[in-house]
Amino acid sequence: MTQQSTQHPSFIAVLHTAGHKYRITKAVNGKYFAIPKVATISDALELPIAEFKSLFEQSGSEELFGTLAAPIAADSEIWGAGVTYQRSRDARKEESDIPDVYQLVYEADRPELFFKATARRTVGTNANVGIRADALTSVPEPEVAIVVNKYRELIGLTICNDMTSRNIEGENPLYLAQAKIYFGSNAVGPMIRPIWEIKDHSALSIDAKIERGTNIVWQAETSLAQLNRSFTDLIEYLFRCQSFPVGAILSTGTGIVPPLDISLEAGDVVTINVAEVGTLVNKVVITPVDINEKENL
Ligand code: DO4
Ligand code: MG
């Protein structure tokens with residue numbers, strides 16, 4: 001029997017194990033433990049938070065082994081929120097031929113929400129993200145993502161890299177889905193920090209960098225204090241007129257955007273760090289126009 005230590009932070013993690021592709025675990029100090037009665041993130045998000053927390057806290061006797069994967073289940077949905085920071089509003093206005101829509105949505109009650117990805121379209125940390133071969137400029141979007149159960153309760157925080165084909169969205173905001181959803185466009189992870197372990201999430205620092213070989217070609221930082229919407233407000237709008245029987249992950253938007261002369265290139269490494277939540281690292285590869293030409297990004 002393996003015992004966990006109580007002084008280390010704990011995380012909700014997903015492992016690819018021999019028997020299960022999306023096995024939820026409790027991660028403590030580099031070890032992974034089964035959570036009683038809960039096999040996947042979707043099982044967890046079907047429970048009220050108090051029930052899940054109690055099972056999570058009972059975990060620690062059965063150690064599991066496998067490869068760390070994105071903290072999602074086969075049937076998870078990942079959504080995005082946009083223009084939720086002033087920096088994002090300003091960057092869109094700068095890059096867009098139609099800037100007014102960004103100003104309007106920044107000021108409106110209703111946030112911009114968009115469908116981003118399924119499990120098949122999501123990678124975890126240390127996996128490759130893609131830039132569209134038909135895009136002229138591409139950027140990472142370093143974002144805090146909230147994990148919400150079917151009862152609209154906030155379970156935890158993770159990190160999302162909402163990869164974006166900048167010039168495609170810039171040409172026409174109606175191209176948003178093509179700029180945001182393509183093979184390799186979404187990374188989430190490395191794990192989920194349970195919300196009950198974070199004393200105050202309102203001002204967590206977020207920093208990111210792009211490394212090209214031995215050079216850092218871009219780095220910036222912000223804080224959740226700059227987020228222009230509350231998590232409660234974003235969740236309330238996300239759940240309007242629709243249900244999420246296995247919960248959802250909602251990426252809350254980017255507060256740091258590279259200047260116009262920076263675009264991702266193949267081989268770049270994107271690192272996003274959120275205090276108390278973790279570090280998401282992804283290498284950039286080209287997503288070919290005919291994806292069948294290349295099986296594994
Ligand atoms: O308006 C386009 C998307 C914006 C976005 O993804 C963000 O602000 O993070
Ligand atoms: Mg974004």
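Residues numbered from 1 in each chain as written. Chains lettered and ligands numbered in written order. Predicted model: local features only at pLDDT ≥ 70, side-chain atom pairs only at ≥ 80, totals over all residues. Heavy atoms only, no water.

**As for the site of ligand 1**
In the vicinity of ligand 1 there are 16 residues, among which Val83, Ser88, Glu112, Glu141 and Lys180 approach most closely. Between ligand 1 and Glu143, the relevant distance is 2.9 Å, taken from an oxygen atom to a side-chain nitrogen or oxygen of the residue. Note that an oxygen atom of ligand 1 is positioned 3.0 Å from one of the side-chain N or O atoms of Asp162. Here ligand 1 has 280 Å² of accessible area as a free molecule, and 99% of this is covered by the chains. Those elements that provide at least two residues to the shell around ligand 1 are strand 6 (77-82), helix 3 (86-95), strand 7 (112-118), helix 6 (176-180) and strand 16 (248-254). Here the residues of the shell around ligand 1 sort into five nonpolar, four polar and seven charged. (Near = heavy atom within 4 Å. Polar contact = N/O pair within 3.5 Å; in protein donor to acceptor, adjacent residues only side chain to side chain. Areas by Shrake-Rupley, 256 points an atom, 1.4 Å probe, with all protein chains shown as cover. Helix = DSSP H or I, 4+ residues; strand = E, 2+ residues; numbered from the N terminus. Nonpolar A, V, L, I, M, F, W, Y, C, P; charged D, E, K, R; others polar.)

**Concerning the coordination of the magnesium ion (ligand 2)**
Angles at a metal have ideal values that depend on geometry: 109.5 degrees with four tetrahedral donors, 90 or 180 degrees with six octahedral donors. Distances from the magnesium ion (ligand 2) to its protein donors, namely Glu141 (OE), Glu143 (OE) and Asp162 (OD), fall within the range 2.0 to 2.1 Å. As a motif over one chain, the donors of the magnesium ion (ligand 2) read E-x1-E-x18-D. Linking Glu143 in strand 10 (residues 142-148) with Asp162 in strand 11 (residues 154-162), this pair joins segments that are 19 residues apart in sequence. No difference in accessibility class separates Glu143 from Asp162, as the two residues are buried. (Donors = N, O, S within 2.8 Å, 3.2 Å for Na, K, Ca; no water. Buried < 20%, exposed > 50% of the residue type's maximum accessible area, 1.4 Å probe, protein only.)

**Observations concerning the pattern of salt bridges**
According to the stated counting rule, one finds 18 salt bridges in the structure shown. Salt-bridge contacts for Arg132 lead to Asp134; the nearest nitrogen and oxygen are separated by 2.7 Å. Residue classification places Arg132 among the buried residues on the basis of a relative accessible area of 17%. With a shortest N-O distance of 4.0 Å, Arg193 and Glu276 are connected by a salt bridge. Of this pair, Arg193 sits in strand 13 (residues 186-194) while Glu276 sits in the loop between strand 17 (269-274) and strand 18 (278-287), and the two are 83 residues apart along the sequence. Residue classification places Glu276 among the partly exposed positions, given a relative accessible area of 40%. (Salt bridge = Lys/Arg side-chain N within 4 Å of Asp/Glu carboxyl O.)

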